[in-house]
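Coordinate analysis (summary)
So the chains spell out like this:
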2 protein chains.
Amino acid sequence: MMPRVFLNEVLEVGLTVSIQGEDGHHFSRVLRVRSGEQVALASQGQGYLGEITGVDSGVVQVRVLGHLPSHEPVSPVYLVQGLAKGDKIDVIIQHNTELGVAGFLLVETKRSVVKWDTKKRAAKVERWQKIAKEAASQAQRDTVPLVRAASCVEEIRGFLASLSASQLLFLDEDENETGLGAALAGVENASTVLVVGPEGGWDGAERQTWVNDFGATAVTLGPRTLRTETAGFAAVAAVLHHNREMGG
Amino acid sequence: MMPRVFLNEVLEVGLTVSIQGEDGHHFSRVLRVRSGEQVALASQGQGYLGEITGVDSGVVQVRVLGHLPSHEPVSPVYLVQGLAKGDKIDVIIQHNTELGVAGFLLVETKRSVVKWDTKKRAAKVERWQKIAKEAASQAQRDTVPLVRAASCVEEIRGFLASLSASQLLFLDEDENETGLGAALAGVENASTVLVVGPEGGWDGAERQTWVNDFGATAVTLGPRTLRTETAGFAAVAAVLHHNREMGG
């Protein structure tokens, strides 16, 4: 597998770009790449094939040779995740980034054991964003999913407004009628937001907000009880499979 | 959620059974159940509603009140997993048991970093079986998936023969044509075995054995590279969703 790096600049075939900073260090000192080797470059959601043309004191020069096929789902799937304790969110970000999630919103809920102060929250998000970048690179994605946080209804509203996704599915262990499969049936390649509660679930008022104010459809994943760290991943996999994004 | 216990005896409505041993201790001393409380009993792949009629020094008496709806997939999905290092297999067993996997085969492969001697293998399987039981209980399943191990082709052959599953899908990162979704299209509720390699993948000879000798279909999960601990779970979720086992 070719090493992959995310760049911010707009790439064009024929252009030569520099990989610097942490990535430059990683490529030159850890991977010990050499001139003539091929690498994958990802920028603006697209993948490019590059050839290394020079390595010098932590800076790697790469010439853009051509385009690579897209590694991104056509219809994005976003994950809203109730804040959970320990390193569960780390694992959730890592696994779901691999799978192809387009973006995350971590939400402090009434039953979340973990509570944020403003400073902690920013530091946490920064750390999760780094985990997402590493996972995206490992999974050979063309884009790093954005990790955001919300501590109140208005922040959630802002997140949802920014996506204008066409379906909002609220995973609900108290829902007995509408299943995820039933909700997806007949829906073709919709952009989707999946909402997963914390360990203790959402409280009644929060559930009302999601369903009544935000218009989410409450769905069950079936009769087996999944924990917060498995429910989201299972639902994302199901939606991506439904959208034919996991091998047709 | 009602506490759940797995029993070996054949249950019938009206019967009174004893929960003893570790489970009896757990119910009486940790959960501190009392007479009149309801519990879920699972035996022979079926769930029953029970009422506690007596608690005495680590032994709990339960009267069987009636049947509970099935929590098991109609079409079983089995997971063959190449041995991986660290506690990855623990997590794989736990997450996939929650999801609904019917049984596991852990396979020592050429590229597995972990190698077994006979004694270690038995102890490992016993430990994983315990993890499966705990996860099955937590997920409210009616059955504990059986965990088995294989160190050679003949043991794998024996496992596959014991299942007589109708499709055998080999997750293959070198496969570019047949996707998981394409392989499942048109197949309705087939019992399925999913085969996942270790971190380093299968070697060429192993792949040949799976495809040529065992008749597996090599499939890709799409352009994003999943790690061994995420690939199986994603594929199991996709197959269960395809079979309408995750909420229709």
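Residues numbered from 1 in each chain as written. Chains lettered and ligands numbered in written order. Predicted model: local features only at pLDDT ≥ 70, side-chain atom pairs only at ≥ 80, totals over all residues. Heavy atoms only, no water.

Turning chain A through 180° and shifting it by 0.0 Å along the axis lays it on chain B, with an RMSD of 0.0 Å. A rotation of that kind, with that shift, is consistent with a two-fold axis. If distances are taken from each C-alpha of chain A to the rotation axis, the shortest is found for Ala238(A), at 2.5 Å. A shared binding surface is used by both copies, with 100% of the interface residues of chain A retained as interface residues in chain B. (Least-squares fit on C-alpha atoms with pLDDT ≥ 70 in both. Contact = heavy atoms within 4.5 Å.)

Which parts of space are left empty comes out when a probe the size of a water molecule is rolled across the atoms. Taken as a whole and judged by the stated rule, the model has two cavities of 30 Å³ or more. As a volume, the largest cavity reaches approximately 100 Å³. Of all the elements in the fold, those that place two or more residues in the lining of the largest cavity are α2 (88-99) and α7 (228-242) of chain A together with α2 (88-99) and α7 (228-242) of chain B. By residue class, the composition of the lining of the largest cavity is six nonpolar, five polar and two charged. (1 Å grid on protein atoms, 1.4 Å probe; cavity = no way out; pocket = protein on both sides within 12 Å on 5 of 7 lines; lining within 4 Å. Points joined across faces, edges and corners; volume = space filled by probe spheres on them. Helix = DSSP H or I, 4+ residues; strand = E, 2+ residues; numbered from the N terminus. Nonpolar A, V, L, I, M, F, W, Y, C, P; charged D, E, K, R; others polar.)

Take the interface of chain A and chain B next. At the interface, 40 residues of chain A touch 40 residues of chain B. Buried area between chain A and chain B, both sides added, is near 3200 Å², and the carbon and sulfur share of it is 56%. Of all residues in chain A, Arg224(A), Arg227(A) and His241(A) bury the most surface against chain B, accounting for 23% of the area lost on that side. Our enumeration of links across chain A and chain B arrives at two salt bridges. Between Glu98(A) and Arg227(B) there is a salt bridge, and its shortest N-O distance comes to 2.4 Å. On the surface where chain A and chain B come into contact, there are 22 residue pairs in polar contact (both at pLDDT 80 or more). Residue assignment for the side of chain A that touches chain B shows that the elements contributing at least two residues are α2, α5 (180-184) and α7 of chain A. A per-element tally of the side of chain A that touches chain B places α7(A) first, with nine residues. (Buried area = accessible area lost by both parts, 1.4 Å probe. Salt bridge = Lys/Arg side-chain N within 4 Å of Asp/Glu carboxyl O. Polar contact = N/O pair within 3.5 Å; in protein donor to acceptor, adjacent residues only side chain to side chain.)

With that settled, the discussion passes to the packing of α7(A) against α7(B). Two elements in contact, α7(A) and α7(B), have axes whose closest approach is 8 Å; the angle formed by their N-to-C orientations is 60°. You can see that α7(A) and α7(B) cross each other, and the crossing is right-handed. Touching Thr230(A), Phe233(A), Ala234(A), Ala237(A), Ala238(A), His241(A) and His242(A) of α7(A) are Thr230(B), Phe233(B), Ala234(B), Ala237(B), Ala238(B), His241(B) and His242(B), all from α7(B). Residues of the contact of α7(A) with α7(B), tallied by class, amount to eight nonpolar, six polar and no charged. (Axes fitted to C-alpha atoms, helices over the stretch in contact; angles between N-to-C directions. Left-handed = near helix turned anticlockwise from the far one by under 90°.)

Let us look at helix α3 (residues 118-138) of chain B. Residue and element names in this part refer to chain B. Compared with the 30 Å implied by 1.5 Å per residue over 21 residues, the 31 Å span of α3 between its first and last C-alpha is a close match. Check the buried side of α3 and you find it contacts β1 (4-6), α2, β7 (103-107), β8 (146-150) and α4 (153-163). Positive backbone phi, approximately 65°, marks Gln140, located one or two places after α3. (Expected span 1.5 Å × (residues − 1).)

Applying the stated rule across the entire model yields eleven aromatic pairs over all chains. Members of the aromatic cluster, each reached through a chain of ring pairs, are Phe170(A), Trp202(A), Trp210(A) and Phe214(A). (Phe/Tyr/Trp six-rings, centres within 6.5 Å; stacked < 30°, edge-to-face > 60°.)

Residues and elements named next belong to chain A. At Arg32, a residue that is not glycine, the phi angle is positive and equals roughly 50°. Its location among the elements puts Arg32 in the loop between α1 (21-30) and β3 (38-43). Of the residues examined, Arg32 reaches a relative accessible area of 57% and is grouped as exposed. Of note, Gln44 is a non-glycine position whose phi angle comes to about 55°, a positive value. Mapped onto the fold, Gln44 is located in the loop between β3 and β4 (46-56). (Buried < 20%, exposed > 50% of the residue type's maximum accessible area, 1.4 Å probe, protein only.)

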